[in-house]
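Here is how the chains run, residue by residue.
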Amino acid sequence: MTSTPLSPSLDTLSRVRTGGKYLRRGAAKWWLNGVSYGPFKPNELGEPFPERVRLATDFAVIRGMGFNALRIYELPTAAVLEEAAAHDLLLLVGIPWTEHVDFLRSPDHLLEIEKRVRTAALSFGSHPSVAALVIGNEIEKTLVRWMGPVKVKRFLEQLIDRAREAAPECLLTYATYPSTEYLIPANADFVAVNVYLEDEATFVSYLRRLQNLACNRPLVILEFGVDALRNGDEKQAQIRRWEMLAVLREGTAGNVWFAFTDEWFRGGQEVSDWGFGLVTADRQPRIASEVVIENEPPLAGPRISVVVCTRNGSATLRECLKALEYQSYGNYEVIVIDDGSTDEVPAIAQDFPDVRYQRQEHAGLSVARNLGAQLATGEIIAYTDDDCMADEDWLRYIARAFDDPQWVAAGGPNIPPQARNRIEAVVAAAPGGPSHVLLNDVDAEHLPGCNIAIRKASLDAIGGFQAPFMTAGDDVDVCWRLREAGGKLRFVPGAMVWHHRRFSVRAYLRQQSGYGKAEALLMKHHPRRFGALGGARWRGLIYGDATGSLPPTEGSIFHGPFGTGLFQVIYTSSNAFCWFDVFSGLSWIAVALVLALVGLPVAALSVCCIAAYYAWRRMADGKAAKIQDKALLWFLCLVQPVVREWARLKGMIRLGARPGIKAFRPNILPPRKPAKRSHKVLELAFWSEAGVGRDDWMHQFREVLMEEHLTAREDDGWRWFDFELLGIVGLSCVTEYHGGQKQLTRVSLSRRSDRLLWPTAVVGSLIIWGVAPVIYHWFGGVGDPKLLLPFYAVLFARPLFELLFFWPMAKSKVRDMALRAAERAGLKEI
């Protein structure tokens, strides 16, 4: 590679920053090669680090092993900072706080945590030896489920905001793990995950999933280790070797090996029954400490022809070609196809002697792409746009992607570069940009044309690009046809390009209109791939900037039974897409106009308000800070589907295109939202100093259920309760660990109610107060809306009965059962 990932950067005065999927230090890409250090038994000064002499010796050994960073779990002392600077080691500083308890219970506790994080950021965030602050680490999975993943995620984002105010130049993140992979703060600078997997294939597969959760941010494995006492020194070294190769080849931004030494102090005592260290507690090296992954030799891969098609793209073409000059992969050529430009494109191309320039009369993008393929001498044709800047390792990752004949095309993410002004920033955050569509973590259904490489033989076999696609849609069409011909498309997270979005609102809306026209043309050629309302129907999932920040709501996460799953996967919701189709685009405008024309202004206004609400829901978190920018982003989210659908509708009329009678169904069917929601009303707390916790309480509660001849619905892995009784009472429990055998178990009682009750009431009200009078008037009725008021009685009769009569008795009964179970388990109520 052009960068030297496992050797230190010479630019020691530069701050580490993010750059798309990677980290950079100064002008060079910087691959984080770290090792964890500590925590240790307090030294003579009461500091959680070794004495100064041992500290200096350890850092020298760590530097000699090739590491360039240390992850520490306590705030650094002056000695740690000085020795890190002396040995050119950057620090990933963990900020310790009480993550093992229900920290959301007390506002004072929250303020104390925020103060601790802000103080640490003020003290260390600006230090040149501190690369990043880790504002939290592995909040226990059942505790997250108990507090509510949405609330926990929001609080972590709050902590990052407080830390960023105090240390704006320092990178900030939270260290999650597979059991809470959904806890990825939207405002974290990079995604950090602690992973312990000892099977190579499983680890590589999970890395690919994490890359998709990270989306456009760098992915850093913040902990990975192997216990040598249980696996042996040789196996530890073997696993370290393939793990290092995997994180490099899968395009991560860094890796932290856990740990440097077996010496470890936790919970007020030394831990001696493990051997994760590269050296023993007395600093004797293990075989794994000798594992060194040198820079990979130049890849002897296929010849690649990079084709850049441009029409009047002089504003960005020079940047594009300059980026292609510095590719770390050697066996490639660059071809520029000028589609009848009238600006400075020919002169710019002449400034690059290694670039082959070919002009054609204006015939459109597809014809230009086909001409590039005809001129190409490589067996792989890599297409990018004139407003893209390829990462220096782009072609290296592309070349490696074709290691199996089943892959006929490959491509990676396209990421907007840092905006030059606020309008460009808002446009970059607006929806409708080019995105990849994945069937799984590797197999793609669509790869955007700004970052796609295709085997020349496979492209020729399907007849190349289709000429009618002059400005857009050509990439979608060719991907669909490649798959129909039996080929597979591979998504490669490390093969990134920077891709400018449009520079003005007008240009953005013009682009979306062009996409709409292209969709009409696609519908003409592929009618079965479009739904009844005209939108494309994908078998896979569309990935974009906010994919890794999916809201962790109940029913979207598979926690495993009672929240104990080791890999707790987050899924997209299945209920929102149909409503989004109705309340976006032209549908809501048509409905509102019809309602207004028939004399229903209130109903028409309600439809407009719902459409405005769905536009607000589309806004990406944290993409617009100022109120005026948020307003502009909301406006673009509202009008983008309208502009795109209007252009598509006009194209459908002009071309005679119609969606197929039976559209494709997706391969990935997300889970449905739960029908009920929980309202916590009562909490019990039980103490034990004998190691008795939630599992013991649940066992005894089942015994009590049998005695009472009651049945309970138990959590199937998707819910946030452990038991549901009588259809109305929810029970949840969690155990906090307070050192040694001391445990605090909490049990909550919640009232379970219908999730759709109030939405149904709102819709019913619109019917009663808006539509009914007009219908009565048309049919000669008296026009009195009160005639439909029995609707309310039917809707609220059962909920009111349950709330006023059944709920008090059920709550009292279940509370007594919970107390009996606790007493039998040996828990003491507090």
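Let us look at the structure shown here. (Residues numbered from 1 in each chain as written. Predicted model: local features only at pLDDT ≥ 70, side-chain atom pairs only at ≥ 80, totals over all residues. Heavy atoms only, no water.)

Here we look at the overall build of the protein chain
The criterion, for reference: Only DSSP runs of H or I with at least four residues qualify as helices, and only runs of E with at least two residues qualify as strands; both kinds are numbered from the N terminus onward. Any residue under 20% of the maximum accessible area for its type is buried, any over 50% is exposed, and the rest in between are partly exposed; the area is computed with a 1.4 Å probe on protein chains only. In what follows, residue pairs with any heavy atoms lying within 4.5 Å of each other are defined as contacts. Each accessible area is a Shrake-Rupley result for a 1.4 Å probe, and residues are judged covered by the shown protein chains and nothing else.
Secondary structure summary: the protein chain contains 23 helices and 34 strands in total. Burial status across the protein chain gives 57% buried among its 830 residues. Put simply, of all contacts in the protein chain between residues at least 6 apart along the chain, 75% involve residues at least 24 apart. Surface accessibility of the protein chain: about 35,900 Å² in total, with carbon and sulfur atoms responsible for 57%.

A word on the sheet that holds strand 30 (residues 712–714)
The condition that has to hold: Strands pair, by our definition, only if DSSP identifies at least two bridges between them. Axis lines are fitted to C-alpha atoms, over the contacting stretch for helices. Their N-to-C directions set the angle, which ranges from 0 to 180 degrees.
The six strands are arranged 30-31-32-33-29-34 in an open sheet whose pairing can be described as antiparallel. Looking at strand neighbours, the two that pair on one side only are strand 30 and strand 34 (828–829), the edges of this open sheet. Both strand 29 (residues 676–688) and strand 34 contribute to a ladder of two bridges, which runs antiparallel. Within strand 34, the position partnered with Trp 687 by the bridge is Lys 828. Relative to the sheet, helix 21 (residues 694–707) contacts strand 30, strand 31 (723–725), strand 32 (729–737) and strand 33 (743–754), its axis offset from that of strand 32 by approximately 150°.

Brief notes about the pairing of strand 16 (residues 355–360)
Using the following cut-off: Here is how to tell: hold the view so the strands point away, follow the path from the first strand over the helix to the second, and if it runs clockwise the crossover is right-handed.
By the bridge criterion, six bridges tie strand 15 (residues 332–339) to strand 16 in an arrangement that is parallel. Across the sheet, Val 336 pairs through a bridge with Tyr 357, a residue of strand 16. Assessed by its sense of winding, the connection that carries the chain from strand 15 through helix 10 (residues 345–350) to strand 16 is right-handed.

Quick word on the pattern of salt bridges
This is how it is decided: Here, a salt bridge means any Lys or Arg side-chain nitrogen found within 4 Å of an Asp or Glu carboxyl oxygen.
With the rule as written, the count across this model stands at 51 salt bridges. Between Glu 157 and Lys 153 there is a salt bridge, with its nearest N and O atoms 3.0 Å apart. Taken together, the residues Glu 157 and Lys 153, both in helix 5 (residues 149–166) and four residues apart, mark about one turn of the helix. Classification of Glu 157 by relative accessible area gives buried; the value is 16%. When salt bridges with common partners are traced through the structure, they connect Arg 105, Lys 680, Glu 683, Glu 736 and Arg 746 into a single cluster.

Quick notes on the nonpolar core
Here is the rule: Within this scheme, the nonpolar core is defined by two criteria: the residues are buried Ala, Val, Leu, Ile, Met, Phe, Trp, Tyr or Cys, and they are joined through side-chain atoms within 4.5 Å.
Residues Tyr 37 and Ile 139 are the most contacted members of the largest nonpolar core, which totals 83 residues. Counting residues in hydrophobic clusters, the runner-up holds 35 residues, among them Tyr 329, Tyr 332, Ile 348 and Ile 380.

A closer look at the sheet that holds strand 25 (residues 497–499)
Spatially, three strands are ordered 18-25-20 in an open sheet, and the strand pairing comes out mixed. The open sheet is flanked by strand 18 (388–390) and strand 20 (414–415), the only strands paired with a single partner. As paired elements, strand 18 and strand 25 share three bridges and run antiparallel to each other. Looking across to strand 25, one finds that Ala 390 is bridged to Val 497.

Notes on the packing of helix 6 (residues 200–214) against helix 8 (residues 233–249)
Put simply, the test is: Here roughly perpendicular refers to angles of 65 to 115 degrees, roughly parallel to angles under 35, roughly antiparallel to angles over 145, and oblique to all remaining angles. Two helices cross in a left-handed way if the nearer one is turned anticlockwise from the farther one by less than a right angle. They cross in a right-handed way if the turn is clockwise. Side-chain classes are defined by residue name, with Ala, Val, Leu, Ile, Met, Phe, Trp, Tyr, Cys and Pro counting as nonpolar, Asp, Glu, Lys and Arg as charged, and the others, Gly among them, as polar.
Look at helix 6 against helix 8: their axes get within 10 Å of each other, and the N-to-C directions meet at 25°. Overall, the two elements helix 6 and helix 8 adopt an arrangement that is roughly parallel. Classified by chirality, the crossing of helix 8 by helix 6 is right-handed. Taking contact as the criterion, the partners of Glu 200, Phe 203, Val 204 and Leu 207 in helix 6 are, on helix 8, Trp 242, Glu 243, Ala 246 and Val 247. Broken down by class, the residue content of the contact of helix 6 with helix 8 amounts to six nonpolar, no polar and two charged.

Topic: the packing of aromatic side chains
For clarity, the cut-off: Aromatic pairing here means that ring centres of Phe, Tyr or Trp (its six-membered ring) are within 6.5 Å. Orientation follows from the plane angle: under 30 degrees is stacked, over 60 is edge-to-face, and everything else is tilted. Only lysine NZ and arginine CZ atoms are considered, and such an atom sits over a ring when it is within 6 Å of the ring centre and within 35 degrees of the ring normal.
What the rule picks out here adds up to 24 aromatic pairs. Plain terms: the ring middles of Tyr 37 and Phe 59 are 5.4 Å apart, the flat faces sit at 75° to each other, and that makes the pair edge-to-face. Taken together, the residues span a long stretch of sequence, with Tyr 37 in strand 4 (residues 32–37) and Phe 59 in helix 1 (residues 52–64) at a distance of 22 residues. Summarising the burial analysis for this pair, Tyr 37 and Phe 59 share the class buried. Between Phe 258 and Phe 276 the ring centres are 5.8 Å apart and the planes differ by 70°, which places this aromatic pair in the edge-to-face class. Here Phe 276 lies in the loop between strand 13 (269–270) and strand 14 (304–310) and Phe 258 lies in the loop between strand 11 (254–257) and strand 12 (265–266), a separation of 18 residues in the sequence. In terms of burial, Phe 258 and Phe 276 fall into one category: buried. Grouped by ring-pair contacts, the aromatic residues Tyr 196, Phe 258, Trp 264, Trp 274 and Phe 276 constitute a single cluster. When the ring centre of Trp 257 is taken as origin, the NZ or CZ atom of Arg 240, which lies over that ring, is 5.7 Å away.

So, the side chain of Glu 736
As a reminder, the rule being used: Distance and chemistry together define a polar contact, namely a pair of N or O atoms within 3.5 Å, with one atom able to donate a hydrogen and the other to accept it when in protein, and with adjacent residues in sequence counting only for side-chain atoms on both sides.
Within the secondary structure, Glu 736 sits in strand 32. With a relative accessible area of 2%, Glu 736 lands in the buried category. A polar side-chain atom of Glu 736 sits 2.9 Å from a polar atom in the side chain of Arg 746. Residues contacting Glu 736, with those up to four places away along its chain left out, are His 100, Val 101, Asp 102, Leu 143, Lys 742, Gln 743, Leu 744 and Arg 746.

Describing the environment of Lys 488
Here Lys 488 shows up in strand 24 (residues 488–491). In this structure Lys 488 comes out as partly exposed when scored by relative accessible area, which is 27%. With 78 residues separating them in the primary sequence, Lys 488 and Ala 410 have C-alpha atoms 8.7 Å apart. Ignoring anything within four residues of it in the chain, the contact list for Lys 488 reads Gln 406, Trp 407, Val 408, Ala 409 and Asp 443.

Some thoughts on helix 2 (residues 78–86)
Along helix 2, the positions that sit buried rather than exposed are Ala 79, Val 80, Leu 81, Glu 83 and Ala 84. Residues of helix 2 that are buried in the fold lie against helix 1, strand 5 (69–72), strand 6 (90–94), helix 3 (107–124) and strand 7 (130–137). Count one or two residues on from helix 2 and you reach Asp 88, which has phi positive near 55°.

A word on the packing of helix 19 (residues 601–618) against helix 20 (residues 627–655)
Between helix 19 and helix 20, the least distance of the axes is 8 Å, while the angle of their chain directions is 115°. Relative to helix 20, the element helix 19 is oriented roughly perpendicular. Both helix 19 and helix 20 take part in a crossing whose hand is right-handed. Across the interface between the two elements, Ala 611, Ala 612, Ala 615, Trp 616 and Arg 618 from helix 19 touch Trp 634, Cys 637, Leu 638, Gln 640 and Pro 641 from helix 20. Taken together, the residues of the contact of helix 19 with helix 20 sort by class into eight nonpolar, one polar and one charged.

Structural notes on the environment of Ala 647
Within the secondary structure layout, Ala 647 lies in helix 20. With near-sequence residues (within four places) excluded, Ala 647 lies in contact with Ser 513, Gly 516 and Lys 517.

Re helix 15 (residues 474–484)
The buried fraction of helix 15 amounts to nine of the 11 residues, a majority that puts the element mostly inside the structure. Restricting attention to buried positions, one finds in helix 15 the residues Asp 474, Asp 475, Val 476, Asp 477, Val 478, Cys 479, Trp 480, Arg 481 and Leu 482. With its phi angle positive at about 100°, Gly 486 sits one or two positions after the end of helix 15.

Topic: a nonpolar patch on the surface
Selection criterion: Patch membership is restricted to residues that have no salt bridge and whose relative accessible area is over 30%. Joining uses 9 Å for like charges and 5 Å for the nonpolar side chains Val, Leu, Ile, Met, Phe, Trp and Tyr.
On the surface, Leu 800, Phe 801, Leu 803, Leu 804 and Phe 805 cluster together into a nonpolar patch covering about 510 Å² of accessible area. Here Leu 800 is to be found in helix 23 (residues 790–825).

Some details on the environment of Asn 255
The topology assignment puts Asn 255 in strand 11. Note on Asn 255: relative accessible area 0%, which makes it buried. The spatial distance from the C-alpha of Asn 255 to the C-alpha of Met 244 is 7.8 Å, given a sequence separation of 11 residues. Among the polar contacts listed, one links the side chain of Asn 255 to the side chain of Glu 243, at a separation of 3.2 Å.

Comments concerning unusual backbone geometry
The general pattern is negative phi for most residues beyond glycine and trans for most peptide bonds. Of note, the bond from Gly 38 into Pro 39 is cis; its omega dihedral lies within 30 degrees of zero at 0°. Structurally, Pro 39 can be placed in the loop between strand 4 and helix 1. For the bond running from Phe 258 to Ala 259, omega is 10°, close enough to zero to count as cis. Inspection of the secondary structure assignment puts Ala 259 in the loop between strand 11 and strand 12. Even without glycine at this site, Asp 88 takes up a positive phi of about 55°.

Geometric descriptors of this kind do not, in isolation, establish any biological role.
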